[in-house]
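Okay, here's what each chain looks like letter by letter:
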Amino acid sequence: MNQESLIRKLRGLFVFFAVGLGGALLLSQTALALGGSSGGGGDYGNTLKEVKDKGYVQCGVSQGLPGFSNPDDAGNWSGLDVEFCRAVATAIFNDPDKVQYSPLSAKVRFESLRSGEIDVLARNTTWTFDRDVALGLEFVGVNYYDGQGFMVRKNLGVNSSSELNNVSVCTNTGTTTELNAADFFRANKLKYKIVAFEKADEVVAAYDAGRCDVYTTDRSGLAAQRTKLSNPREHKVLPEIISKEPLGPVVRQGDEQWADIVRWVLNAIIIAEELELTSANIASHKDSDNPKIRRFVGSEGEFATALGLDDNAWAYNIVAKVGNYSEIYERTVGPKTPLGLSRGDNALWTKGGILYAPPMR
Amino acid sequence: MTARAALLWLRDNLFFSWKNGVLSVVVGGFLLWVVVLLADWFFVSAVWNGGIEDCRLRQDGACWPFVQARFRQFIYGFYPDVERWRVNIVMLVFFVGIALLVWERTPFRGKLVLFMLCVFPLASWFLMRGGIFGLADVPTGRWGGFMLTLVLASVGIVSSLPLGIMLALGRRAESLPFVKAFCVVFIEFWRGVPVITVLFATAFMLPLFMPSSVNFDQLLRAMVGFILFSSAYMAEIVRGGLEGLQRGQYEASDALGMTYWQSRIRVILPQALKIMIPGILLTIIGLFKDTTLVLIIGLLDFLGMIQAGISDPRWGAPNVPFTGYAFAAVVYFVFCYSMSLYARYIEKKFSAGRERRP
């Protein structure tokens, strides 16, 4: 009895194997016919055309970095980097939702970009010499000036990082964070001990449990992880920054047109803040007399044609549908969000920061 | 009477000497302590209703509102809200189908097996992927959560078994040297490469070799990677089962004048399968948990969605990460343990009446 049913089952399995193989071939054919969903690789020169053909921008984001790219309760991606992706989509399609997100780990982000799986990488990536020059990538600018800092318990009685002597420091393994911290302590001849963990959650839990005196990572990360401590008010972030971490969007090298588009989307967001154009008031500036604003909203000049975009009001659309830099910042990481980061270096150059965009003319 | 029996059992098993008694008390106390701690964290001190503010106020227990708010995301990933009925249909058919297959008195069980193995996977692919028959197109990049875990694991499990059997038979086919060589090389290659490397290669290296007009869905590529990888493991388990049989079984079936396939299907495999069950189960459970490695190639499975959810700064509280991971652990445990129970049942059923007598 058993044996008979088993034979029938096994026969079924073999039939399945044959059918499955045929099915897989069929599927691959249909996948080819349908055009599939992921971007093809190899051909570097016409990203814009490929993006227009498939109808959306494939944007590489993080797998969950608070305030920069994380899914919200409704299942939408949100954050500073995500808003940038939405701005790129708006410039091309006049629709901020024409984005597909690829949540990438730090290890594979560059391979993913180079292989053509994604069109633009907006994943809090630090612009460094090596990445810009040796990896075949192109950084188009900086959308957040970050830097590594220290967080300590207030009752440690430390007010400056130079007072951190004989301390244990919690951090992530194998990141530049660990190396930066080591450099800092050695340069200042301070005694320290590194306690490293694999995941951010573990580092926070260890610091919260008192296994170390100091927690070090990028200051935006400190602000985010601080919300996960059992009593955030007992901790403070020290004022010193020990490393430069300019975070910016990245594209593949070798497609100048696409790099220009992404670069000018970033610049447009910043220029909009300079011109005090917001999503709320830009409609009333459509017929402005100010030549700077006229160029920005597309009433003057042929900037879209130069970039290969269809709509001369591309910058207008970005501000109307996504917002200017200040609006994006306040929505995602600003003082009113859980991260509560003040503008600091990320304020406009006219307001004490270093955010600066070349003129649009 | 029963109380007396219980006392006797206690004396015979837990307290038959003073050393044994001390050990029983210590271990029993420790277990009790762990259970009480866990129950307290999971239920008593846990926050059941409200939002993040409540979780911040009561940090000694789980923060279940987080799981409540994110539950649908954990199941469906980024699958669009209005299209979720498609996933629901597929999951319903999947679980009902499995239940019917497990229940032994289901009529037409053989046909159901064929349906679940051949028709169902293709049908559910087209239903969930869309783009035809007027269904909205849902690119696999938006698939995620538990649904993605199920898709990857079931495809991997179902395809790797027949492939593994073929490879194992091929590896033992002495009269067909080329087939044998191919199978050996295939098995050793895939067993010698870490699964992360396989996924990485299929995701990022394959596109570099293909012309840009050829687009092969990323999830399909990951699936193929998983199938090839797990079939190599399955092949070695099947080979172990085949080797475990006495030569006499092979010789006897040959002596009866059976052809190769008759002998394999009617005599060898049914007996070998019984020996293989623990090994097969090991691979299946391993595969079920390995699916989480698709994180590498930018797909968020069940665990990936939970980790991404934890990163939301609006859910910043010390108990949120623990809650997320605890939820993942419970779900994984329930699924793996039920697979384990079923495998144990099958094993018992196959051995009934066939136990070798001493």
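If you're wondering where the values come from, they're calculated on a predicted model, not measured in any experiment. (Residues numbered from 1 in each chain as written. Chains lettered and ligands numbered in written order. Predicted model: local features only at pLDDT ≥ 70, side-chain atom pairs only at ≥ 80, totals over all residues.)

Draft legend 1. Spatial organisation of the overall build of chain B. A tally of regular secondary structure across chain B gives 14 helices and zero strands. Listed N to C, the secondary structure of chain B is α-α-α-α-α-α-α-α-α-α-α-α-α-α in terms of helices and strands. Dimensions of chain B, computed from C-alpha atoms along their principal axes, come out at roughly 75 × 75 × 45 Å. For chain B, the residues scored as buried account for 37% of the 358 residues in total. (Helix = DSSP H or I, 4+ residues; strand = E, 2+ residues; numbered from the N terminus. Buried ≥ 20, exposed ≤ 12 C-beta atoms within 10 Å, placed from the backbone.)

Draft legend 2. A look at the environment of Leu14(B). Residues and elements named next belong to chain B. Mapped onto the elements, Leu14 comes out in the loop between helix H1 (2-13) and helix H2 (18-44). C-alpha of Leu14 to C-alpha of Lys274: the two residues are 260 residues apart in sequence and 35 Å apart in space. Those residues in contact with Leu14 that sit more than four places away from it in its chain are Asn20 and Ser24. (Contact = placed C-beta atoms within 7 Å.)

Draft legend 3. Looking closely at helix H7 (residues 145-171) of chain B. Residues and elements named next belong to chain B. Taking 1.5 Å of rise per residue, the 27 residues of H7 would be expected to cover 39 Å, and the 37 Å separating its terminal C-alpha atoms lies within 8% of that figure. Along H7, the largest kink reaches about 30 degrees and is centred on Ser160; proline Pro162 follows within four residues of it. With respect to burial, H7 is a largely interior element, 25 of its 27 residues being buried. (Expected span 1.5 Å × (residues − 1). Bend = angle between axes of the 7 residues up to and from the residue.)

Draft legend 4. How the structure looks around the packing of helix H4 (residues 64-76) of chain B against helix H14 (residues 319-351) of chain B. Residues and elements named next belong to chain B. At their nearest, the axes of H4 and H14 sit 9 Å apart, and the two run at 60 degrees to each other. Considering the angle they form, H4 stands oblique to H14. The two elements H4 and H14 meet at a crossing, and its hand is right-handed. Each of Trp64, Phe66 and Val67 in H4 lies in contact with H14, whose residues at this interface are Val320, Thr323, Gly324 and Phe327. Taken together, the residues of the contact of H4 with H14 sort by class into five nonpolar, two polar and no charged. (Axes fitted to C-alpha atoms, helices over the stretch in contact; angles between N-to-C directions. Parallel < 35°, antiparallel > 145°, perpendicular 65-115°, else oblique. Left-handed = near helix turned anticlockwise from the far one by under 90°. Nonpolar A, V, L, I, M, F, W, Y, C, P; charged D, E, K, R; others polar.)

Draft legend 5. Summary view of the nonpolar core. Counting 89 residues, the largest nonpolar core has Cys85(A), Val88(A), Val120(A), Val262(A), Val265(A), Ile269(A) and Ile318(A) as its most contacted members. In terms of domain composition, this core takes at least three residues from each of domain 1 (47-143 + 248-351) and domain 2 (146-244) of chain A. In this structure, Ile318(A) is in contact with Ala87(A), Thr90(A), Ala91(A), Val265(A), Ala268(A) and Ile269(A), ignoring residues within four places of it in sequence. Val47(B), Cys183(B), Phe226(B) and Ala272(B) belong to the second-largest nonpolar core, a separate cluster that totals 81 residues. (Core = buried A, V, L, I, M, F, W, Y, C linked by C-beta atoms within 7 Å. Domains from an automatic or database assignment.)

Draft legend 6. Local environment of the confidence of the model for chain B. Summary statistics for chain B give a mean pLDDT of 87 and a share of 96% for residues scoring 70 or more. Across the interfaces of the predicted complex, the ipTM metric reaches 0.82, alongside a pTM of 0.84. (pLDDT = per-residue confidence, 0-100.)

Draft legend 7. Fine view of the confidence of the model for chain A. With 88% of its residues at a pLDDT of at least 70, chain A reaches an overall mean of 86. Contacts for the low-pLDDT stretch residues 25-43 of chain A, under 50 throughout, to residues beyond four places or in other chains number 43 contacts.

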